[in-house]
Amino acid sequence: MTERPVETIQGPNGVVAEIRAARRPYGFENLLELRVTLLARVPGASAPFRYELSRLGVTEDEADRAVGQMVERCRRNLLPYLFRPEFPERFRAHQERKVPKVIPFGAPR
């Protein structure tokens, strides 16, 4: 699934948010899988903030409207959160606290 950039927005707190959209055939030939991804580069963070929305089984003539709705949902709900003054510091602190999960492979012998 190849993503195409929809919009890049520079926040007042240094966060750069990029919204991308992708579509691919799903199931039957006349249906699509749609995906909208928001990636935010946070200053000083080791990894970007990532959020995805997806819809399955959308017809070709409804695809543009559905992608527009998902992009608008990202703008309305996520951008105010990402552009808060305290977000970069809190996101970096969360990444530092996050401990990688190690799943043991089998019982020790």
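Within any chain, residue numbers begin from 1 and follow the written order of that chain's sequence. The model is predicted, so local features are restricted to residues of pLDDT at least 70 and side-chain atom pairs to those at 80 or more, both for listing and for counting; the totals for chains, interfaces and linings are taken over all residues. Only hydrogens and water are set aside; all other atoms, that is, all heavy atoms of the structure, feed into the side-chain values.

Novice: What exactly am I supposed to notice about the pairing of strand β2 (residues 16-25) here?
Specialist: Regular strands show a simple pattern: their side chains alternate between the two faces of the sheet. Judged from the seven bridges that link them, strand β1 (residues 3-10) and β2 form a sheet pairing that is antiparallel. Residue isoleucine 9 lies in a different strand from β2, and its bridge partner there is alanine 17. With antiparallel pairing between neighbouring strands as the criterion, β1 and β2 make up a hairpin whose turn holds five residues, including glycine 14 at a positive phi of roughly 95°. Strand pairing is defined by DSSP finding a minimum of two bridges between the two strands. Secondary structure elements are defined from DSSP: runs of H or I of at least 4 residues count as helices, runs of E of at least 2 residues count as strands, and each element is numbered from the N terminus. Sheet analysis places β2 next to strand β3 (residues 31-41), joined by ten bridges and oriented antiparallel. Bridge pairing in β3 links proline 25 to leucine 32. Counting the residues in the hairpin turn of β2 and β3 gives five residues, including glycine 27, whose phi is positive at 65°.

Novice: Quick question: what am I supposed to make of the packing of aromatic side chains here?
Specialist: A ring pair, where both rings are aromatic, is described by two values, the distance of the centres and the angle of the planes. Two aromatic rings from Phe, Tyr or Trp, using only the six-membered ring of Trp, form a pair when their centres are within 6.5 Å; if the ring planes differ by under 30 degrees the pair is stacked, by over 60 it is edge-to-face, and anything between is tilted. As enumerated under the stated definition, the model contains four aromatic pairs in all. Pairing phenylalanine 49 with phenylalanine 87 gives two aromatic rings, centres 5.9 Å apart and planes at 85°, and the pair type is edge-to-face. A residue pair is termed long-range when its members are at least 10 positions apart, and phenylalanine 49 in strand β4 (residues 49-59) and phenylalanine 87 in helix α3 (residues 87-97) qualify at 38 residues. The pair phenylalanine 49 / phenylalanine 87 is uniform in exposure class, with both members buried. A ring pair is formed by phenylalanine 49 and phenylalanine 91, whose centres lie 6.0 Å apart and whose planes are at 70°; its orientation type is edge-to-face. Pair noted here: phenylalanine 49 is in strand β4 and phenylalanine 91 is in helix α3, with a separation of 42 residues, a long-range link. As far as burial versus exposure is concerned, phenylalanine 49 and phenylalanine 91 are alike and both buried. The structure contains a cluster of three or more aromatic residues connected by ring pairs, namely Phe49, Tyr81, Phe87 and Phe91. Residue burial is assigned from relative accessible area. The probe radius is 1.4 Å, only protein chains are included, and a residue is buried under 20% of its type maximum, exposed over 50%, and partly exposed in between.

Novice: Sorry, what's going on with the side chain of glutamine 95 here?
Specialist: In this structure, glutamine 95 sits in helix α3. Any pair of N or O atoms that falls within 3.5 Å is considered a polar contact. Within protein, one atom must be able to donate a hydrogen and the other to accept it, and sequence-neighbouring residues count only if both atoms are side-chain atoms. Looking at glutamine 95, its side chain comes within polar contact range of the main-chain nitrogen of serine 46, at 3.1 Å. Among all residues touching glutamine 95, those that are not within four sequence positions of it are Ala45, Ser46 and Ala47. Residues count as neighbours in contact if any of their non-hydrogen atoms are within 4.5 Å of one another.

Novice: Please clarify how the sheet that holds β4 should be interpreted in this entry.
Specialist: The strands making up a sheet associate through hydrogen bonds between their backbones, and the pairing can be parallel or antiparallel. Ordered by their spatial adjacency, four strands build an open sheet running β1-β2-β3-β4, and the pairing between neighbours is antiparallel. What marks the edges here is a single partner per strand, and that holds for β1 and β4. On average, each strand axis in the sheet is tilted by 15° relative to the strand beside it, whichever way the strands run. Bridge count for β3 against β4 is ten bridges, and the pairing is antiparallel. Each axis is a line fitted through C-alpha atoms, taken for helices only over the stretch in contact, and angles between the N-to-C directions span 0 to 180 degrees.

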